[in-house]
Amino acid sequence: MDSKNGTGQAAYRGSKSFTQQQVRSANATGFGAAADDYMERGIDLNEELIRNKPATYFFRMKGDAMKEAGIFDGDVLIVDRSVPLANGRVIVAVLNGELLVRRFHKNFSSAFLIPENSRYKAINLAEFSDFTVWGVVTYTIHPQG
Amino acid sequence: MSMKAIVDCNNFYCSCERLFQPKFEKKPVVVLSNNDGCVISRSDEAKQLGVAMGVPLFEVRSLIREKSIAVFSSNYALYGDLSWRVMETLRILLGKERVEVYSVDEAFLELDALGQKELDALALSIRKTVEEWTGIRVSIGVAPTRTLAKLANRLAKKNKAATNCVMVLSEPLAIEKALRRTAVSDLWGIGRRYAKQLHEKWSIYDGWQLAQVNESFANKYLGGVVGTRLVRELRGIPSRMMEEERVQKKMIATTRMFGRRVVELSEIKEAIATYTARAAEKLRRQFSATGHIHVFIIEHREGERHGMAYDNHRHLDKPSSDSSVLIRVATELVVDIFKKGRAYKKAGVILSDIVPEAARQGSLFVDSASADDDRLPLMLAIDNINFSLPPAHEPQHDSILRFAAAGTNRGWKMKQEYRSPRYTTKWNEMPVVR
């Protein structure tokens, strides 16, 4: 990303890591011109959506298995592997070597992967020996229009 | 006294590929080098099928077909990103100052000198957290010195089920036992030639025997300071050998004889590009950049021992360690000196004017914030090839270079027939879930 915009000011670069030297309106004392006092960083989506960066991965949803949970074909899923599995969470699961998004549901005797679409069947995990949790879905990104 | 640990990703490239294609879990997988030349990473299953490290692809093609081994081209973007995640996890767990990244898939850690049990628990929890967060499995060796930590790591990897991929050597007796189990050729920093010499001249076969050698003997017969340090490290006395190994070379050269006479420009270009890439890896390994590139080719003349040498060089406006920049310049240089109709037997690349990466300065006419600054992490990722290849004096290595120099008729373009998507670095290549 370029560090300068047209005005010669240090532009927001998606992080807090720019120094006084990069703020062109700063003077020799290190204090900036008056306007700099009112400059704030823009909102950074990463701050809100990513809690643990090395553990966070993005996936692309394909199909409509989760449409009633508001996850549609083409949406982006944010998956945090460090979030502990809990009942009722939407997860990315590995089942028979395949990656699936479903809601995890557990009762006193068994565990299920539940689709959010009546056309799909719930998966009883007792029938599968090689089920693992890939990660927990923390956010989904869906375009409007 | 502190303890040293090495964290080493298990079959790193293969693990990266499996993370987004879990159907290959527990199946044989191999990853190929640049240009799909040879095998540079093997899953345990592929190792068991007899796929050797560094073997050219064409030699194992039938085995691959027969045993349905999954084959991947190197996906540097993916490996680089996952490497960063593993290292970042370690930094978050232990603090930046305790983590030293050693290669794309290895890092040294400084741990407090805790008891055996506490170290066991700590190492295990580091291993588990890295796997949980990043999806990459690692092995950890812990010991009083780096050399012993490496040795512990090797033993842990050899028997993953029993060790849980973790081995802590803190008690003298455990260290002795581990040293006795380790052949000198398997010690860190001992090459095959050196090991042979130890066998033949001094009847030294295992690590324990080597650790008993007295220092003046080591100094005299086992390679001076380097030998002395090694012996000390084996005895549990830390010697900062690694840092010193990295003492910056002022000049880096990569030259090779061709496997056969070479007459085509495209082949010469591929060879020069390959050597430049290797030299650039060495450069980045010592965290430096070069300001001067020199290439030469030597002609083969029937009946003459010394062929005519042709050379060419260029100063770079701005020192660089970026393979693509250096390769571009080097191939331009060799095009100028190549003459059709001549046969060549040897080529080489020499990098000089070497400056530390940190001190790298732009010249007046080049914007120092230009794009190639951002490429360093990628370049460091590419360097895994360097670490995964057998040392230069071994025969496989020659065949790798020969293979690259033999070329593909696609000119100098990287061949990547089996590359997986760049899952973690490209919006349009994200892994798909249903």
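Relevant structure appears above.
Chemist: What is the right way to read the overall build of chain B from this model?
Modeler: Across its full length, chain B carries 18 helices and 13 strands. Within the span of chain B, comprising 434 residues, buried residues form 53% of the whole. If you take every contact in chain B between residues at least 6 apart in sequence, the share linking residues at least 24 apart comes to 70%. Just so you have it, chain B exposes about 20,200 Å², and 52% of that area is on carbon and sulfur atoms.

Chemist: Help me understand the nonpolar core, please; the structure alone is not making it clear to me.
Modeler: Looking at soluble globular proteins, one finds that nonpolar side chains tend to be buried together. In terms of nonpolar packing, the biggest core is built from 55 residues, with Phe59(A), Trp134(A), Phe12(B), Leu90(B), Leu109(B), Ile140(B) and Val142(B) touching the most fellow members. In this structure, Leu148(B), Leu151(B), Ile190(B) and Ala195(B) belong to the second largest nonpolar core, which totals 30 residues.

Chemist: Before we go on, may I ask you to explain the side chain of His292(B) in this structure?
Modeler: If you trace the backbone, His292(B) turns up in strand β10 (residues 288–299). Not counting the four nearest positions on each side in its chain, His292(B) is found in contact with His313(B), Arg314(B), His315(B), Ile350(B), Leu351(B), Ser352(B) and Asp353(B).

Chemist: How should the sheet that holds strand β4 (residues 98–106) of chain A be read in this particular structure?
Modeler: Strand-to-strand pairing in sheets goes through backbone hydrogen bonds, with the strands running parallel or antiparallel. Taken in spatial order, the 8 strands make up an open sheet running β6(A)-β5(A)-β4(A)-β3(A)-β7(A)-β2(A)-β1(A)-β13(B), and their pairing is mixed. In this open sheet, the two edge strands, each paired with only one partner strand, are β6 (123–124) of chain A together with β13 (432–433) of chain B. Relative to strand β7 (residues 132–141) of chain A, strand β3 (residues 90–95) of chain A runs antiparallel, the two sharing 4 bridges. Note on β7(A): the bridge partner recorded for Ala93(A) is Val133(A).

Chemist: Is there a simple way to think about the packing of aromatic side chains in this case?
Modeler: The geometry of an aromatic ring pair is captured by the separation of the ring centres together with the interplanar angle, meaning the angle of the planes. Overall, the coordinates contain 19 aromatic pairs over all chains when judged by the stated rule. Summarising the aromatic geometry, the rings of Phe217(B) and Tyr221(B) are spaced 5.0 Å apart at their centres and angled 50 degrees between planes, so their arrangement reads as tilted. Remark: Tyr221(B) and Phe217(B) occur in helix α11 (residues 215–221); sequence separation between them is 4 residues, near one turn of the helix. A relative accessible area of 22% places Phe217(B) in the partly exposed class. Each member of the aromatic cluster is reached from another via a ring pair, and the members are Tyr57(A), Phe59(A), Trp134(A), Phe20(B) and Tyr423(B). Above the plane of the ring of Trp134(A) lies Arg81(A), whose end atom (NZ or CZ) is 4.6 Å from the centre.

Chemist: Can you walk me through the sheet that holds strand β6 (residues 106–111) of chain B in this structure?
Modeler: Residues and elements named next belong to chain B. Pairing within the open sheet is mixed, and its 5 strands lie in the order β5-β6-β1-β7-β8. Pairing within the sheet leaves two strands with one partner each, and these edge strands are β5 (99–103) and β8 (166–168). Taken pair by pair, the neighbouring strands of this sheet meet at an average axis angle of 15 degrees, ignoring direction. As judged from the 4 bridges shared by β5 and β6, these two strands associate in the antiparallel manner. Bridge pairing in β6 links Val 101 to Ala 107.

Chemist: It is not clear to me how the pattern of salt bridges should be interpreted in this structure. Could you clarify?
Modeler: A pair can form between side chains of opposite charge whenever their charged atoms are brought close. Residue and element names in this part refer to chain B. Within this structure, the stated rule accounts for 24 salt bridges over all chains. Residues Asp 44 and Lys 160 are paired through a salt bridge, measuring 2.7 Å at the closest nitrogen-oxygen approach. In this pair, Asp 44 is assigned in helix α2 (residues 44–48) and Lys 160 in helix α7 (residues 160–163), connecting sequence segments 116 residues apart. Residue Asp 44 is classed as partly exposed on the basis of its relative accessible area of 27%. Residue Arg 154 pairs with Asp 186 through a salt bridge whose shortest N-O separation is 2.8 Å. Note that Arg 154 is positioned in helix α6 (residues 146–158) and Asp 186 in the loop between α8 (172–180) and α9 (192–202), a separation of 32 residues in sequence.

Chemist: What am I meant to see in α6(B) here?
Modeler: All names here are of chain B. The end-to-end C-alpha distance of α6 is 18 Å, a good match for the 18 Å that 13 residues give at a rise of 1.5 Å each. Counting buried residues in α6 gives 10 out of 13 residues, a clear majority hidden from the surface. Taken residue by residue, α6 has Arg 146, Thr 147, Leu 148, Ala 149, Lys 150, Leu 151, Ala 152, Asn 153, Leu 155 and Ala 156 as its buried positions.

Chemist: Please explain unusual backbone geometry as it appears in this structure.
Modeler: Most peptide bonds take the trans form, and the phi angle of most residues other than glycine is negative. All names here are of chain B. The backbone of Ser 68 sits at a positive phi, close to 45 degrees, despite the residue not being glycine. One can find Ser 68 in the loop between α3 (57–66) and β4 (70–72). The exposure class assigned to Ser 68 is exposed, which follows from its relative accessible area of 60%. Positive phi outside glycine occurs at Asn 164, with the angle close to 65 degrees. Topologically, Asn 164 is positioned in the loop between α7 and β8.

What counts, and where the lines are drawn
- Residues numbered from 1 in each chain as written.
- Chains lettered and ligands numbered in written order.
- Predicted model: local features only at pLDDT ≥ 70, side-chain atom pairs only at ≥ 80, totals over all residues.
- Heavy atoms only, no water.
- Helix = DSSP H or I, 4+ residues; strand = E, 2+ residues; numbered from the N terminus.
- Buried < 20%, exposed > 50% of the residue type's maximum accessible area, 1.4 Å probe, protein only.
- Contact = heavy atoms within 4.5 Å.
- Areas by Shrake-Rupley, 256 points an atom, 1.4 Å probe, with all protein chains shown as cover.
- Core = buried A, V, L, I, M, F, W, Y, C linked by side-chain atoms within 4.5 Å.
- Pairing = 2+ DSSP bridges.
- Phe/Tyr/Trp six-rings, centres within 6.5 Å; stacked < 30°, edge-to-face > 60°.
- Lys NZ or Arg CZ within 6 Å of the ring centre and 35° of its normal.
- Axes fitted to C-alpha atoms, helices over the stretch in contact; angles between N-to-C directions.
- Salt bridge = Lys/Arg side-chain N within 4 Å of Asp/Glu carboxyl O.
- Expected span 1.5 Å × (residues − 1).

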